[in-house]
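# Descriptive structure summary
Read off the chains here:
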Amino acid sequence: MYSEYSSLSHSFSSPAAMADVLKGVNLLETLKNSMERNRLSEVKDAVEDLLISSLNLAVVGERSEEKMAFINSLHGVSAADEGAACSSSVPTEDLSCYPNPVHPDFRLWDLPPVPIGLPFEPDVYMNAVKFLRYNVVFLMVTQTPPPSVVALVLRARLLQLQTVYLILLVSDKDQNPDSKRRASVDALRSHGVTQSKVYLVSPSALETLDFPALLEDLAKDLPEIRWCALLMALPTLTAALVIQKKEAFGALVWAAASLSGGVSAVPVPFVASAVDSSMAVRVLCKVQASLCLDDASVERLARRRGLEPARLKALRACPLSTEVTKAEVKRRLALAEKDCSTLSSRLVQMAVPRHARSAGRSFAAMLNALKTAIDDMAADAEKILASAFAETSQNA
């Protein structure tokens with residue numbers, strides 16, 4: 001029955017437009033099954049997991065300006081921003097935590113370097129830094145990894161830790177980073193690390209070199225809901241990442257629409273109810289933060305690129321990009337409700353599970369309103385990103 005979603009409403013520009021909401025996210029299948037079995041509590045739990053999902057990423061390595069720049073880039077901040085990582089602020093042997101300024105449940109942990117001296121016991125180090133509690137671990141080096149780092153990689157492989165990655169940080173001064181990568185790969189293979197990958201990363205320009213490929217591997221290795229949470233919390237580094245974020249919100253949009261259609265045994269006649277508008281506000285606030293459209297995020301991007309913030313802010317055409325207000329959300333929900341008024345009962349019956357068919361119009365309206373809003377906000381994010389990089393290139 002779910003194959004018929006592309007026919008839900010004439011308000012989508014084409015059948016493919018609705019299909020775009022649903023493609024590529026396996027989490028949707030779980031949500032559909034929960035809705036089919038009338039398990040709304042499971043759908044609500046999934047919404048909460050997507051809106052509020054704790055992530056702990058660890059960066060292991062010598063405390064240096066490069067390492068701090070890498071941590072700050074992952075949060076979309078500069079060294080001068082409040083809460084930014086600073087190499088001189090933490091003793092070498094201590095752990096330090098840096099919460100994301102916009103997504104407080106996304107925490108980056110600055111872990112002390114792996115001891116170089118021998119003998120080295122990986123388990124002792126892992127226990128000391130609570131290695132197993134992190135969702136992702138980046139092992140950061142600036143030269144060929146020493147034997148102790150290789151031993152840590154081997155131990156992680158033995159423990160079947162899939163999300164431990166070796167990163168070789170490079171700077172503009174590196175004349176031949178590929179040769180450094182080859183030396184690092186050879187060092188790993190000489191110690192029995194097969195199928196080894198070393199990612200070249202520029203700490204201040206994550207959109208370049210191998211970081212996009214690292215994100216592709218993270219998408220394969222992380223549990224899907226964790227990957228979605230990470231994707232939503234990362235800064236908008238590239239236009240491709242904006243598209244990925246938009247697609248990842250498909251599961252959240254579908255779940256919110258499902259709750260709109262099944263929030264009560266006797267569904268309310270108008271989608272713009274207090275429950276629906278509150279849920280939509282929460283979803284769109286998450287979208288605004290994820291796409292880095294709020295004033296603070298745009299200002300941080302402008303500072304990183306050496307630009308005037310007002311020029312980037314002026315590119316936000318969608319009111320929700322500037323501020324997510326309940327009034328604007330209710331207006332969009334009401335318009336979506338009106339657009340869905342011509343739906344035939346047959347299409348509604350094909351759209352939603354049997355027990356929720358009386359609420360099919362509410363489902364379609366919420367889905368339509370959120371999908372349209374996210375498309376508008378993503379277009380603004382793409383314009384801001386394109387302008388920021390274009391102006392920086394011209395000024396270089």
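Look up: the structure comes first, before these words.
What you see is a predicted model, and the numbers here were worked out from it, not measured in a lab.

### Examining the overall build of the protein chain
A count of helices and strands for the protein chain gives 17 helices and six strands. Among the 396 residues that make up the protein chain, the fraction classed as buried is 53%. A total of about 17,800 Å² of accessible surface is found on the protein chain, and carbon and sulfur atoms cover 52% of it.

### Description of the side chain of Ser 148
Its location among the elements puts Ser 148 in helix α6 (residues 147-158). Since its relative accessible area comes to 1%, Ser 148 is described here as buried. Of the polar contacts made by the side chain of Ser 148, one reaches the backbone oxygen of Pro 115; its length is 2.8 Å. Setting aside residues no more than four positions away along its own chain, Ser 148 makes contact with Val 114, Pro 115, Ile 116 and Phe 120.

### Details of the pattern of salt bridges
All chains considered together, the criterion is met by 16 salt bridges. Residues Asp 174 and Lys 180 are paired through a salt bridge, measuring 3.1 Å at the closest nitrogen-oxygen approach. Put simply, Asp 295 and Arg 316 hold a salt bridge, and the shortest N to O gap is 2.8 Å. Residue Asp 295 is located in helix α12 (residues 295-305), and its partner Arg 316 is located in the loop between α13 (309-313) and α14 (319-322); the two are separated by 21 residues in the primary sequence. By relative accessible area, Arg 316 is classed as buried at 11%. Within the structure, one salt-bridge network assembled from shared partners comprises Glu 328, Arg 331, Arg 332 and Asp 376.

### So, the sheet that holds strand β6 (residues 198-201)
If you walk across this open sheet you meet the six strands as β2-β3-β1-β4-β5-β6, and the pairing is mixed. Looking at strand neighbours, the two that pair on one side only are β2 (96-99) and β6, the edges of this open sheet. If you compare each strand with its neighbour and ignore which way they point, the axes differ by 30 degrees on average. Where strand β5 (residues 164-169) meets β6, four bridges bridge the pair, whose relative direction is parallel.

### Some points on the side chain of Gln 288
Turning to its location among the elements, Gln 288 is positioned in helix α11 (residues 274-290). Leave out the neighbours within four places in its chain, and Gln 288 touches Leu 293, Asp 294, Leu 320, Ser 321, Thr 322, Glu 323, Val 324 and Met 377.

### A short note on the pairing of strand β4 (residues 136-141)
Looking down a regular strand, the side chains alternate between one sheet face and the other. Across the six residues of β4, six count as buried, placing the element largely inside the fold. Covered by surrounding structure in β4 are Val 136, Phe 138 and Met 140 together with Val 137, Leu 139 and Val 141, the residues of both alternating faces. The pairing of strand β1 (residues 55-60) with β4 spans four bridges and is parallel. Residue Ala 58 lies in a different strand from β4, and its bridge partner there is Val 137. The sheet contact formed by β4 and β5 spans five bridges and is parallel. Pairing of Phe 138 across the sheet is with Tyr 165, part of β5.

### Quick notes on unusual backbone geometry
Most peptide bonds adopt trans geometry, and most residues besides glycine take a negative phi value. One non-glycine residue, Gln 160, adopts positive backbone phi at about 60 degrees. Secondary-structure assignment places Gln 160 in the loop between α6 and β5. One non-glycine residue with positive phi stands out, namely Cys 292, at about 60 degrees.

### Overview of the pairing of β2
Here β2 shows one buried face, formed by Ser 96 and Tyr 98, and one open face, formed by Cys 97 and Pro 99. Relative to strand β3 (residues 106-111), β2 runs antiparallel, the two being bridged by four bridges. Within β3, the residue paired with Ser 96 across the bridge is Asp 110. Remark: six residues form the turn of the hairpin made by β2 and β3, two consecutive strands paired antiparallel.

Cut-offs applied
Residues numbered from 1 in each chain as written. Predicted model: local features only at pLDDT ≥ 70, side-chain atom pairs only at ≥ 80, totals over all residues. Heavy atoms only, no water. Helix = DSSP H or I, 4+ residues; strand = E, 2+ residues; numbered from the N terminus. Buried < 20%, exposed > 50% of the residue type's maximum accessible area, 1.4 Å probe, protein only. Areas by Shrake-Rupley, 256 points an atom, 1.4 Å probe, with all protein chains shown as cover. Polar contact = N/O pair within 3.5 Å; in protein donor to acceptor, adjacent residues only side chain to side chain. Contact = heavy atoms within 4.5 Å. Salt bridge = Lys/Arg side-chain N within 4 Å of Asp/Glu carboxyl O. Pairing = 2+ DSSP bridges. Axes fitted to C-alpha atoms, helices over the stretch in contact; angles between N-to-C directions.

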